[in-house]
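Analysis of the macromolecular model
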Number of protein chains: 4
Amino acid sequence: MDKGKMAEWLAQGSVAIPKLLLHHYKRLGLTEVEFMLLLHLHSFIEEGIWFPTPAELAEKMTLTPSQCMETLRKLLQKGFVSIEEQVDEQAVRIEKYSLKPLWEKLVYYLFVQSANEERMERQEEEQ
Amino acid sequence: MDKGKMAEWLAQGSVAIPKLLLHHYKRLGLTEVEFMLLLHLHSFIEEGIWFPTPAELAEKMTLTPSQCMETLRKLLQKGFVSIEEQVDEQAVRIEKYSLKPLWEKLVYYLFVQSANEERMERQEEEQ
Amino acid sequence: MDKGKMAEWLAQGSVAIPKLLLHHYKRLGLTEVEFMLLLHLHSFIEEGIWFPTPAELAEKMTLTPSQCMETLRKLLQKGFVSIEEQVDEQAVRIEKYSLKPLWEKLVYYLFVQSANEERMERQEEEQ
Amino acid sequence: MDKGKMAEWLAQGSVAIPKLLLHHYKRLGLTEVEFMLLLHLHSFIEEGIWFPTPAELAEKMTLTPSQCMETLRKLLQKGFVSIEEQVDEQAVRIEKYSLKPLWEKLVYYLFVQSANEERMERQEEEQ
């Protein structure tokens, strides 16, 4: 076992998942399989692959490419992912997946939940 | 929206998932749902809850408590999780889930894969 | 080199640092050494050591115990860390370091910065 | 305070630092300031900025550009960082910082430490 290999493994690093998302994804309407697909998407994007194909996703997952496509379609439709168009340095139009809608949904959920808690506390005080 | 709430959210932090695991869990024989249950287990353990119940896990997941129990049973049987017995400060015997077997499986997989690659390289050179 | 050792290393996991903090700690008035001491504090707390001694901190850092004490004192005084008193399960009073003030300072800074940007945008539009 | 801003903050994500590195950087011969510069380097590289200038680093740190340059020079000389040359898609030669030497140093340290522990255990058994 050579040390270079181990250094390579360490160098690969980690993906950090906010505990807020881990604790609340179910309330946002995500299943575990959808969560995992988002995680792979996030990991691809971080590595500079902005628009992974269903086949690329399926290679990492226990889903078939067509199941990945179907799950992606659902995530786009439910508003967890969006596709952004950009023009790159060579003036070529490229498409990118963006997880911004996911974070917006999470923040919105947290705000509503926090407002509800405040309202309930006020009601308890008034009684 | 008060700032204290936002600070609380930030303070919750993140769970870091090694990319090695994210890239290879499928080869280790894990499904997405099993991966997510392991992730929740890891998060509970980090918060000092060493032996979460199926009901506690089910609260975070889209599974029912009995589905969580069944998935846990499978993970124990397939050797991704183990249960360790310890004696705490008050001499009470406590049980803890441990993810050590998961990391051992991952390391074993990486070693075998790396040995195979080396063998193939040598064969190519010899030809 | 045995595989158990490597699995142990992998099992140690990572500490996740929000990029927001990494990008702005300087503006909050933190030096690199103070940042690192906070990072060690955070890591100790995560492992259940709520009130590490200057000697325990110094073991991980290039500082002496008295330099750690002095840095801790400054962080408490500048309001990045606080000490919380709690009563544990055996009714013993224990002290804990808390990084909540750090997150509050970060949120406050982000709010002020964002308000300033909005004001400047409005001024530009009015001209 | 608009929710879009908060979603943006969440979207920035985190940098994951292996606890192995946090616990042993001192033994590897790194100071806290050097550690922080490596952390910024890592963060720049992850964002696709492969060769940040001393001025770009200094903007995030409490160091001046020339202090950053001096620290970088030391890290290169002590073998924690290397500069790799690559040819990009437009056949332009580009330079990249690489942290691979850091991980190699860490792995080497862990191997030596683990070998020492084994030897000491054997010696104790023999007595």
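Quick notes on the rules
Residues numbered from 1 in each chain as written. Chains lettered and ligands numbered in written order. Predicted model: local features only at pLDDT ≥ 70, side-chain atom pairs only at ≥ 80, totals over all residues. Heavy atoms only, no water. Helix = DSSP H or I, 4+ residues; strand = E, 2+ residues; numbered from the N terminus. Rg over C-alpha atoms; globule rule 2.2 N^0.38 Å. Least-squares fit on C-alpha atoms with pLDDT ≥ 70 in both. Contact = heavy atoms within 4.5 Å. Pairing = 2+ DSSP bridges. Buried area = accessible area lost by both parts, 1.4 Å probe. Polar contact = N/O pair within 3.5 Å; in protein donor to acceptor, adjacent residues only side chain to side chain. Expected span 1.5 Å × (residues − 1). Buried < 20%, exposed > 50% of the residue type's maximum accessible area, 1.4 Å probe, protein only. Salt bridge = Lys/Arg side-chain N within 4 Å of Asp/Glu carboxyl O. Lys, Arg positive; Asp, Glu negative; His and termini not counted. Axes fitted to C-alpha atoms, helices over the stretch in contact; angles between N-to-C directions. Parallel < 35°, antiparallel > 145°, perpendicular 65-115°, else oblique. Left-handed = near helix turned anticlockwise from the far one by under 90°. Nonpolar A, V, L, I, M, F, W, Y, C, P; charged D, E, K, R; others polar.

**Quick word on the overall build of chain A**
Secondary structure summary: chain A contains six helices and three strands in total. Listing the helices and strands of chain A from first to last along the sequence gives α-β-α-α-α-α-β-β-α. Its C-alpha atoms give chain A a radius of gyration of 19 Å, more than 25% over the compact-globule value 14 Å for 127 residues. Here the C-alpha coordinates of chain A stretch approximately 65 × 40 × 30 Å along the principal axes.

**Topic: the relation of the copies chain B and chain A**
Each copy of the sequence occupies a distinct position, and chain B is placed on chain A by a rotation of 180° and an axial shift of 0.0 Å, giving an RMSD of 0.0 Å. Viewed as a symmetry operation, the transformation between the two copies matches a two-fold axis. Residue alanine 16 of chain B, judged by its C-alpha, is the member of chain B lying nearest the rotation axis, at 2.1 Å. The share of interface residues of chain B whose copies in chain A are also at the interface is 100%, consistent with both copies meeting through the same surface.

**Remarks on the pairing of strand β3 (residues 93-98) of chain B**
Remark: a regular strand shows side chains that alternate across the two faces of the sheet. Residues and elements named next belong to chain B. As paired strands, strand β2 (residues 82-87) and β3 are joined by six bridges and run antiparallel to one another. By the bridge assignment for β3, glutamate 85 is matched with glutamate 95. Between β2 and β3, which pair antiparallel in sequence order, lie five residues; one of them, alanine 91, sits at a positive phi of approximately 60°.

**Observations concerning the interface of chain A and chain C**
Taken residue by residue, the interface counts four residues in chain A and four residues in chain C. The contact between chain A and chain C buries some 330 Å² in all, and 81% of this surface belongs to carbon and sulfur atoms. Our count for the chain A to chain C interface comes out at zero residue pairs in polar contact (both at pLDDT 80 or more). When contributions to the side of chain A that touches chain C are tallied by element, the ones reaching two or more residues are α1 (3-11) and β1 (14-18) of chain A.

**Re the relation of the copies chain A and chain C**
Superposing chain A onto chain C requires a rotation of 180° together with a translation of 0.0 Å along the rotation axis, leaving an RMSD of 0.0 Å. An overlap of 100% is found between the interface residues of chain A and their copies at the interface of chain C, pointing to a shared contact surface.

**Quick word on helix α3 (residues 32-46) of chain D**
Residues that lie three or four places apart on an α-helix share one face, since the helix turns once every 3.6 residues. Residues and elements named next belong to chain D. Over its 15 residues, α3 extends 21 Å from the first C-alpha to the last, a length consistent with the 21 Å expected when each residue adds 1.5 Å. With twelve of 15 residues buried, α3 lies mostly within the body of the structure. What α3 keeps buried is the set Glu32, Glu34, Phe35, Met36, Leu37, Leu38, Leu39, His40, Leu41, Ser43, Phe44 and Ile45. Backbone geometry just downstream of α3 places glycine 48 in the positive-phi region, at approximately 90°.

**Here we look at the interface of chain B and chain A**
Interface size is often expressed as the accessible area that is lost when the parts come together. Tallying the contact residues gives 39 residues for chain B and 39 residues for chain A. When residues of chain B are sorted by the area they lose upon contact with chain A, Trp9, Lys19 and Glu32 of chain B head the list and together hold 18% of the total. In this structure, the connection of chain B to chain A is made through four salt bridges. Lysine 5 of chain B is the partner of glutamate 117 of chain A in a salt bridge, and the nearest nitrogen-oxygen pair spans 3.4 Å. At the junction of chain B with chain A, the criterion picks out 20 residue pairs in polar contact (both at pLDDT 80 or more). Listed by contribution, the elements that provide at least two residues to the side of chain B that touches chain A are α1 (3-11), β1 (14-18), α2 (19-28), α3 (32-46), α4 (54-60) and α6 (100-126) of chain B.

**Some details on the side chain of serine 98 of chain B**
Residue and element names in this part refer to chain B. In this structure, serine 98 sits in strand β3. Among the polar contacts listed, one links the side chain of serine 98 to the backbone nitrogen of lysine 100, at a separation of 3.1 Å. Setting aside residues no more than four positions away along its own chain, serine 98 makes contact with Phe80, Val81, Ser82 and Glu84.

**Digging into the environment of proline 18 of chain A**
With respect to the element layout, proline 18 of chain A can be found in strand β1. Accessibility expressed as a relative area gives 13% for proline 18 of chain A, which makes it buried. The residues contacting proline 18 of chain A, other than those within four sequence positions of it, are Trp103 of chain A together with Gly13 and Ser14 of chain B.

**Observations concerning the side chain of lysine 60 of chain D**
Here lysine 60 of chain D lies in helix α4 (residues 54-60). Among buried Asp, Glu, Lys and Arg side chains, lysine 60 of chain D stands out as unpaired, with glutamate 47 of chain D the closest opposite charge at 5.4 Å. Each residue touching lysine 60 of chain D, except ones within four places of it in the same chain, is listed here: His23, Tyr25 and Lys26 of chain C together with His40 and Phe44 of chain D.

**Quick look at the environment of glutamate 84 of chain A**
Residue and element names in this part refer to chain A. Checked against the element boundaries, glutamate 84 lands in strand β2 (residues 82-87). Distance in space between the C-alpha atoms of glutamate 84 and serine 14 is 26 Å, their sequence separation being 70 residues. Ignoring anything within four residues of it in the chain, the contact list for glutamate 84 reads Ile94, Glu95, Lys96, Ser98 and Lys100.

**A word on the packing of helix α3 (residues 32-46) of chain C against helix α2 (residues 19-28) of chain D**
For the pair α3 of chain C and α2 of chain D, interaxial distance at closest approach is 12 Å and the crossing angle is 125°. As summarised for this structure, α3 of chain C and α2 of chain D are arranged oblique, according to the angle between their axes. Remark: the crossing between α3 of chain C and α2 of chain D carries left-handed chirality. Across from Met36, Leu39, His40, Ser43 and Glu46 of chain C in α3 of chain C, the residues of α2 of chain D making contact are Lys19, Leu22, His23 and Tyr25 of chain D. Its residues assigned to classes, the contact of α3 of chain C with α2 of chain D shows four nonpolar, three polar and two charged.

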